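Next come the chains, spelled out residue by residue.
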Amino acid sequence: MYDSSQLMGLTPASTSLSRRPSLNQESHVANQKTLSIIKPDATAANNSGAIIARFQEEGLRIAGIRKIHMSIPEARGFYAVHAERPFYNDLVAFMTEGPCVVMVLEGDNAIARNREIMGATNPAAAAEGTLRKRFATNIERNAVHGSDSPENAAIEVAYFFRTTELF
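Residues numbered from 1 in each chain as written. Predicted model: local features only at pLDDT ≥ 70, side-chain atom pairs only at ≥ 80, totals over all residues. Heavy atoms only, no water.

A. Region of interest: the nonpolar core. Ile37, Met70, Met95 and Phe160 are the most contacted members of the largest nonpolar core, which totals 21 residues. At the level of elements, β1 (32-38), β2 (61-68), α4 (72-78), α5 (88-95), β3 (100-107) and α8 (150-160) are the ones that each hand at least two residues to this core. Top element by residues in this core is α5. It accounts for 5 residues. Setting aside chain neighbours within four positions, we find Met70 in contact with Ile37, Ala75, Met95, Thr96, Cys100 and Phe160. Ranked by size, the runner-up nonpolar core spans 17 residues in total, among them Ala42, Phe55, Leu60 and Ala143. (Core = buried A, V, L, I, M, F, W, Y, C linked by side-chain atoms within 4.5 Å. Buried < 20%, exposed > 50% of the residue type's maximum accessible area, 1.4 Å probe, protein only. Helix = DSSP H or I, 4+ residues; strand = E, 2+ residues; numbered from the N terminus. Contact = heavy atoms within 4.5 Å.)

This is the structure in structure tokens:
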């Protein structure tokens, strides 16, 4: 386990989380990696196993996985892209209220497939069978996070994992 105060040498400034690009439409991408987080609400409700199983059933491979309890600085850094948004402080408080599971999913079109499996951010608008429809409480406590672009996936994976921790 790493010293969370160093966050593996990464800081919001060094990872440029505050300037992350938006979702890019992409064609087929073989063997892509993406970050997925099972948030504190889903972890506390003991839904981690079912969520992980769903990713695997859909053909995504777990390249790295860890259960963590994010510190306030870690959550602020990870969500720095939202710092000016009105929900930022509530998001940081939520993500630090209990343990979550961070993992790297790998597979063909992993980013798009992960987002399809998760469903819409607002569980009320999420399609039947998606993780958010099944496990989320509301738009703020929405069970899972997933990278939204290849650029953000690279930044987010590096925020929580060393390359030597991915197999």
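So, next bit.
B. A look at α5. Taken together, the buried positions of α5 are occupied by Tyr88, Leu91, Val92, Phe94 and Met95. Here the buried residues of α5 occupy an arc of 160 degrees about the axis, which is enough to place them on one side. Turned more than 90 degrees from where α5 packs its buried face, Asn89 and Asp90 sit exposed. Among the structural elements, β1, α2 (40-44) and α4 are those in contact with the buried residues of α5. (Arc of directions from axis to C-beta.)

C. Focus on the layout of surface pockets. The space that makes up the largest pocket amounts to roughly 590 Å³. Together, 24 residues line the largest pocket, and Lys39, Tyr79, His82, Thr121 and His145 are the ones closest to its centre. Listing elements by their share of the lining of the largest pocket, those giving two or more residues are α5, α6 (110-118), β4 (144-146) and α8. Ranked by residue count, the leading element in the lining of the largest pocket is α5, at 3 residues. Grouping the constituent residues of the lining of the largest pocket by class yields 8 nonpolar, 7 polar and 9 charged. (1 Å grid on protein atoms, 1.4 Å probe; cavity = no way out; pocket = protein on both sides within 12 Å on 5 of 7 lines; lining within 4 Å. Points joined across faces, edges and corners; volume = space filled by probe spheres on them. Nonpolar A, V, L, I, M, F, W, Y, C, P; charged D, E, K, R; others polar.)

D. Summary view of the pattern of salt bridges. Summed over all chains, the structure comprises 6 salt bridges. With its nearest N and O atoms 2.8 Å apart, the salt bridge here joins Glu106 to Lys33. Remark: Lys33 occurs in strand β1 and Glu106 occurs in strand β3; sequence separation between them is 73 residues. On the basis of relative accessible area, Glu106 is assigned to the buried category, the value being 7%. One network of salt bridges, in which partners are shared, links Lys33, Arg61 and Glu106. (Salt bridge = Lys/Arg side-chain N within 4 Å of Asp/Glu carboxyl O.)

E. Inspection of the confidence of the model for the chain at higher detail. Across the chain, pLDDT averages 88, with 84% of residues at or above 70. Within the model, pLDDT remains below 50 along residues 1-26, and this stretch shows 55 contacts once partners closer than five positions in the same chain are excluded. (pLDDT = per-residue confidence, 0-100.)

F. Layout of unusual backbone geometry. For Asn46, which is not a glycine, the phi torsion comes out positive at approximately 65 degrees. Considering the arrangement of structural elements, one finds Asn46 in the loop between α2 and α3 (48-57). By relative accessible area, which is 68% here, Asn46 ends up exposed. Its identity as a non-glycine residue notwithstanding, Asn109 has a phi of 50 degrees, on the positive side. Its location among the elements puts Asn109 in the loop between β3 and α6.

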